[in-house]
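What follows is the residue order along each chain.
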Amino acid sequence: MMSRPVHGGNLAWAAGLAHCAPAELLDFSASISPLGPPRSVRAAVQADFLSVRDYPDPAYGDLRRAIAHHHKVPIESVMPGNGAAELLTWAARDLAQMETCFCLSPGFSDYDRALQAFGCVSTKLPCFNASNWQESLLGQSLDLEQCGLLLNNPHNPTGMLFDREQIRSVLSRVGLVVVDEAFMDFLPPERSQSVIDWISEFENLVVIRSLTKFYSMPGLRLGYAIAQPKTLKRWQTWRDPWSVNTLAISAGIAALQDTKFQRQTWDWLAAANRQMYKSLAAIPELSPLPGCVNFFLVACEKSVTALQENLLKRHRIYIRDCMSFEGLGDRYFRVAVKMQDENLRLVRAIADVLPHLPEASDVI
Ligand SMILES: Cc1ncc(COP(=O)(O)O)c(C=O)c1O
């Protein structure tokens, strides 16, 4: 039996517990949009399939131009990568040069993987409301000019959105600030708190984006970093020249140009998010946090590992336990927002199994 996964979306592990094929699972564990991949992306990948015969353009000119156009930034400030995960690794190499790197807790576990690869042990900032991480950071006795900060906005796993002015206030004090905006595109432009447009102003700011979640293409691996050219030129000397494949280039260009798909996603999410929050909050043992994007962190009075196992065995539904998130343990789970009928199936299944489960244990 495989050990409990540290990321969501491990269908092989879940299918083993559910005794079914991975395709038969209803997967709420990975926060991927149910609308994608967009038709435009499928068409582009099919049309450009034979590009796999060539090495990708190591300068990624067409893709970088499309990203630069999308965000209205200079092309020299853009670097595509093999998922946000690859770019987080290079950001971690820079962060590891600082006296310490502050990270939010709970937070995405891959940050520690990347930092530890370069010998850096992070210092945690508590993050259970929108402002306590900032108070804790500014109250540190260390010289913040010599420190790094790796933030995630909107925040995984809580779903909180930090006001970008909060980030501005730390940018002038902290030596290097990396903002992972992997979920920011789920917010329509009028609600976005992206700091991409501050790149030319702050040499110590790096923003990382992912096409995985919004365009539903985790298997293709595409993300990008936006930063001042000096930073990106340094990263370029460290990495494999072809880390983004030719099909991901075609997919990325098509995705960023697909304004119809973007609008559809914002419309779907506004309604589905409201509905799902209401349904989860109506179950007495559950307290969902009011998330702003396509997932919810939910506090549960019953054991979440038992809930996860029962949902798999009895309903073939896969939720994300929070055992790999510091401080959450057996008392929280995270679920993606999917189509309304699927969300309803989840809520009914939870209501069905909860009464039979033991109380949450204190194992964290
Ligand atoms: C906050 C956050 N950042 C980055 C990533 C990695 O994204 P990618 O698939 O682009 O590597 C994830 C994936 O779960 C994530 O949750």
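Being a predicted model, the structure only gives us computed values, none of them experimental.

1. Let's talk about the site of the ligand
The local shell around the ligand holds 14 residues, among which A84, D180, S210, K213 and R221 are the closest. Within the side chain of S210, a nitrogen or oxygen atom sits 2.7 Å from an oxygen atom of the ligand. The side chain of R221 places a nitrogen or oxygen atom 2.7 Å from an oxygen atom of the ligand. In isolation the ligand exposes 400 Å². Once the protein is present, 89% of that is buried. Counting residues per element, the shell around the ligand draws most heavily on helix α4 (residues 83-95), at three residues. Taken together, the residues that form the shell around the ligand break down as six nonpolar, five polar and three charged.

2. Side note on the packing of helix α1 (residues 11-18) against helix α11 (residues 304-315)
Contact geometry for α1 and α11: axes closest at 8 Å, N-to-C directions at 70 degrees. If you check the angle between α1 and α11, you find them roughly perpendicular. Along its contact with α1, which presents W13, A14, L17 and A18, the element α11 presents Q308, E309, L312 and K313. Classifying every residue of the contact of α1 with α11 by side-chain character gives five nonpolar, one polar and two charged.

3. Concerning the pairing of strand β3 (residues 101-105)
Every regular strand shows the same layout, with side chains that alternate between the two sheet faces. Of all five residues in β3, five are buried; the element is thus mostly enclosed. By the alternation rule, side chains of β3 split into C101, C103 and S105 and F102 and L104, which are all buried. Bridging between β3 and strand β5 (residues 148-152) involves three bridges; their strand directions are parallel. Paired with C103 across the two strands is L150, which belongs to β5. As for the winding sense of the linkage, the β-α-β connection from β3 through helix α5 (residues 110-117) to strand β4 (residues 123-126) is right-handed.

4. Looking at the nonpolar core
The tendency in soluble globular proteins is for nonpolar side chains to be buried side by side. With 85 residues, the main nonpolar core has W133, L149, L205, L307, F333, V335 and I350 as its most contacted residues. With seven residues, helix α10 (residues 259-281) is the largest single contributor of residues to this core. The residue makeup of this core includes at least three contributed by each of domain 1 (11-30 + 260-356) and domain 2 (39-257). Setting aside residues no more than four positions away along its own chain, I350 makes contact with L280, I283, L286, L307, L311 and F333. The next biggest cluster of nonpolar side chains, apart from the first, holds 25 residues, and it includes A84, A96, C101 and A225.

5. Points about the pairing of β5
Along β5, five of the five residues are buried, which leaves the element largely enclosed by surrounding structure. Neither face of β5 is left uncovered, since the one carrying G148, L150 and N152 and the one carrying L149 and L151 both have all their residues buried. The pairing of β5 with strand β6 (residues 176-180) spans five bridges and is classified as parallel. Of the residues in β6, the one forming a bridge with L149 is V177. Traced from β5 through helix α7 (residues 164-171) to β6, the parallel crossover comes out right-handed.

6. Thoughts on the sheet that holds β3
Read from one edge to the other, the open sheet built from seven strands follows the order β2-β8-β7-β6-β5-β3-β4, with strand pairing classed as mixed. Unpaired on one side and paired on the other, β2 (78-81) and β4 mark the two borders of the sheet. The sheet shows a mean angle of 25 degrees between the axes of neighbouring strands, direction not considered.

7. Some details on the sheet that holds strand β12 (residues 320-322)
Reading across the sheet, the four strands line up as β9-β10-β13-β12 and stay open at both edges, with antiparallel pairing between neighbours. The two strands at the open ends of the sheet, each matched to only one other strand, are β9 (286-288) and β12. Recorded for the sheet is a direction-independent mean angle of 30 degrees between the axes of neighbouring strands. By the bridge criterion, five bridges tie strand β10 (residues 295-300) to strand β13 (residues 329-336) in an arrangement that is antiparallel. Across the sheet, V298 pairs through a bridge with F333, a residue of β13.

Each value, and the rule that gives it
Residue numbering note: each chain is counted from 1, following its sequence as written. Per-residue local features are limited, in this predicted model, to residues with pLDDT of at least 70; the limit for side-chain atom pairs, both in listing and counting, is 80 or more; totals at the level of whole chains, interfaces and linings are taken over all residues. The basis for every side-chain value is the complete set of heavy atoms in the structure, and neither hydrogens nor water enter the calculation. Being near a molecule or strand, for a residue, means having at least one of its heavy atoms within 4 Å of it. Residues adjacent in sequence count toward polar contacts only when both atoms are side-chain atoms; beyond that, a polar contact is any pair of N or O atoms within 3.5 Å, and within protein one must be able to donate a hydrogen and the other to accept it. Using the Shrake-Rupley algorithm and a 1.4 Å probe, accessible areas are obtained, with residue cover drawn only from the displayed protein chains. The numbering of helices and of strands both runs from the N terminus, where a helix is a DSSP run of H or I of at least 4 residues and a strand a run of E of at least 2. The classification used treats Ala, Val, Leu, Ile, Met, Phe, Trp, Tyr, Cys and Pro as nonpolar, Asp, Glu, Lys and Arg as charged, and all other residues, Gly among them, as polar. Axes here refer to lines fitted to C-alpha atoms; in helices the fit is confined to the stretch in contact. Angles between the N-to-C directions go from 0 to 180 degrees. Convention used here: angles under 35 degrees read as roughly parallel, angles over 145 as roughly antiparallel, angles from 65 to 115 as roughly perpendicular, and any remaining angle as oblique. Throughout, a residue-residue contact means that at least one pair of heavy atoms, one from each residue, lies within 4.5 Å. Residue burial is assigned from relative accessible area. The probe radius is 1.4 Å, only protein chains are included, and a residue is buried under 20% of its type maximum, exposed over 50%, and partly exposed in between. Here, any two strands with at least 2 DSSP bridges between them count as paired. A right-handed crossover is one whose linking path, passing over the helix from the first strand to the second, runs clockwise when the strands point away from the viewer. Take the buried Ala, Val, Leu, Ile, Met, Phe, Trp, Tyr and Cys residues and link them wherever side-chain atoms come within 4.5 Å; each set so joined is a nonpolar core. What counts as a domain boundary in this text is fixed by an automatic or database domain assignment.

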